[in-house]
Amino acid sequence: MSNLDHGKFTRVTTLFHSLLGLDVFLLFFTGYAIMFNDELWWMLTLMGGASGVTAIHRITGIGLVALVVFWITLQVISSTGRSNFAKILPAKDDVDAFIQDIQFVLGRVDERHPSARQFAGYKADEVPLLSYIGKGVVFIFSIELTLLAISGLLIWSKTGLAAMFQTKAAAMAFVTFHGLLGVIMLMGVMFHIFEHGMHPAFYPVETKAFIPRSMVPEHHGDDDEEPDTTGIERLSLSPSWRTVSTVFGAMTVIGIVSVLIGSIFDEGYPVPREIAIGGGPSSILLTVGINLGMVVLGVGLVLSMYGNVLRIRWEQQLEQEREPTTAADGGEPQTDGGQPESDDTEN
């Protein structure tokens, strides 16, 4: 292990992250099974047809609302939550980091801003937990999840929504907004899966997103002294990383493009009928591309489950290390290698 494996979440946040990921994956699978019912007919069938997939989508939607409400409440009532919220607020250093990153790309400065540092060449405490990019991701995901939850509740009953606004067009607008949000969030989630699953330092799964930081030491080594760097220089690439990351990256891009094109061709949802340019699958390539996108989501779900399995195994290992060895006769365990003490020897 290297210092990069140090957990970045608390136990509560780790559990929330896993539950949120599972809920979002189920929302994607069910939502796109409804949206792309021609291309994803097999997924629709597996989940019990139109009525079954709609029921699952609504149940997971309620779960999303519950998770969002829980998280907002936790941030308000807990001192840790308020402190963490203050840390992710944009600051002047983030603006400076963005400007310096542009200059770094253009070759006008020699190094990145301290608030934008990643892993190589620095101590663990010199690398920010959240760079300005990470803060942006947190805010974007938070806004998207909140808007998805609100719009999903509003379109629960489309006839009721149309009656409330006295027009069918208003109800259709909310349906369109909900669907377009889903497409935008899908792109972010797929890139998120690729980034954290195929990162050369963490491949195939970023364990620090699943193992709480309280269970992992700040640094690893034979002595108690903190090393000079994060330890990334001691890592070596997995033999399969180059091939797997290339193939998976291509699948991610193809899946995103196919879903975007498919959302235009499939009339009515999420794009209104008025600007639809077709209907149903127009080619086998589009069908394959959309299914590749679902495969990427499936890989993300598997990696999330694998990360939780690693956490459970890590907890079990720590418990075994804490438990004292029990003597064979049920007495106290010996810690002196079985040698008699001086008081027990006969003179």
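None of the values given here were measured: they were computed from a predicted structure. (Residues numbered from 1 in each chain as written. Predicted model: local features only at pLDDT ≥ 70, side-chain atom pairs only at ≥ 80, totals over all residues. Heavy atoms only, no water.)

Along the backbone of the protein there are 10 helices and 0 strands. For the protein, the succession of helices and strands along the chain, N to C, is α-α-α-α-α-α-α-α-α-α. When each of the 347 residues of the protein is scored for burial, the buried share is 39%. Considering only contacts in the protein between residues 6 or more positions apart, those separated by 24 or more positions represent 74%. Of the roughly 20,400 Å² of accessible surface on the protein, a fraction of 63% belongs to carbon and sulfur atoms. (Helix = DSSP H or I, 4+ residues; strand = E, 2+ residues; numbered from the N terminus. Buried < 20%, exposed > 50% of the residue type's maximum accessible area, 1.4 Å probe, protein only. Contact = heavy atoms within 4.5 Å. Areas by Shrake-Rupley, 256 points an atom, 1.4 Å probe, with all protein chains shown as cover.)

A word on the side chain of T14. Mapped onto the secondary structure, T14 falls in helix α1 (residues 11-35). Residues within four places of T14 in sequence aside, it is in contact with F9, A209, F210, I211, P212 and R311.

Taken over all residues, the pLDDT of the protein has a mean of 80, while the share at 70 or more is 77%. A low-confidence stretch, residues 268-279 stays under pLDDT 50, and its non-local contacts, those more than four residues away or across chains, total 25 contacts. Throughout residues 335-347 the model reports pLDDT below 50, and contacts reaching past four residues in sequence, or to other chains, amount to 2 contacts. (pLDDT = per-residue confidence, 0-100.)

Moving on, we get to the nonpolar core. Counting residues in each nonpolar core, the largest one holds 40 residues, and the members touching the most others are F28, Y32, V189 and L297. Elements supplying a minimum of two residues to this core: α1, α2 (41-46), α3 (49-77), α6 (132-154), α8 (168-197), α9 (241-265) and α10 (284-322). (Core = buried A, V, L, I, M, F, W, Y, C linked by side-chain atoms within 4.5 Å.)

Under the criterion given, the structure shown has 6 aromatic pairs. Measuring from centroid to centroid gives 5.7 Å for Y32 and F36, while their planes differ by 10°, and the two rings are stacked. Judged by its relative accessible area of 0%, F36 falls in the buried class. Relative to Y132, the ring of F98 lies with its centre 6.0 Å away and its plane at 80°, an arrangement referred to as edge-to-face. (Phe/Tyr/Trp six-rings, centres within 6.5 Å; stacked < 30°, edge-to-face > 60°.)

Before going further, it helps to spend a moment on the UniProt feature "transmembrane region" (unreviewed entry) in the protein. When the UniProt feature table is mapped to this numbering, "transmembrane region" (unreviewed entry) covers residues 12-35, 55-77, 137-157, 169-194, 244-264 and 284-306. Summarising residues 55-77: 100% helix, 0% strand, and an end-to-end C-alpha distance of 33 Å. Each end of residues 169-194 is marked by a C-alpha atom, and these two atoms are 38 Å apart; helix forms 100% of the span and strand 0%. (UniProt positions renumbered as here; feature names shortened; annotations may be inferred.)

Before going further, it helps to spend a moment on the environment of T30. Note that T30 resides in helix α1. Sequence separation between T30 and T60 is 30 residues; the distance between their C-alpha atoms is 9.2 Å. When residues no more than four places from it in sequence are discounted, the contact partners of T30 are M47, V53, I56, H57 and T60.

Once that is clear, we can look at the packing of helix α7 (residues 158-165) against α8. Interhelical geometry of α7 versus α8 gives an angle of 125° and a closest axis separation of 7 Å. Between α7 and α8, the crossing angle belongs to the class labelled oblique. In terms of crossing hand, the pair formed by α7 and α8 is right-handed. When α7 is examined against α8, the residues K158, L161, A162 and F165 are found in contact with a partner set consisting of K168, A170, A171, F174 and V175. (Axes fitted to C-alpha atoms, helices over the stretch in contact; angles between N-to-C directions. Parallel < 35°, antiparallel > 145°, perpendicular 65-115°, else oblique. Left-handed = near helix turned anticlockwise from the far one by under 90°.)

A separate point is unusual backbone geometry. Residue P204 is reached from Y203 by a cis peptide bond, and omega for that bond is 5°. Positionally, P204 belongs in the loop between α8 and α9.

The next thing to look at is the pattern of salt bridges. Under the definition given, this model contains 5 salt bridges. Of the charged contacts in the structure, one is a salt bridge between D96 and K92, with a shortest N-O distance of 2.9 Å. Of this pair, D96 and K92 both sit in helix α5 (residues 92-105), 4 residues apart, which is roughly one turn of that helix. On the accessibility criterion, D96 (25% relative accessible area) is partly exposed. You can call K92 exposed: its relative accessible area is 62%. (Salt bridge = Lys/Arg side-chain N within 4 Å of Asp/Glu carboxyl O.)

Here E206 lies in the loop between α8 and α9. Polar contacts involving the side chain of E206 include one to the side chain of H196, which spans 2.3 Å. (Polar contact = N/O pair within 3.5 Å; in protein donor to acceptor, adjacent residues only side chain to side chain.)

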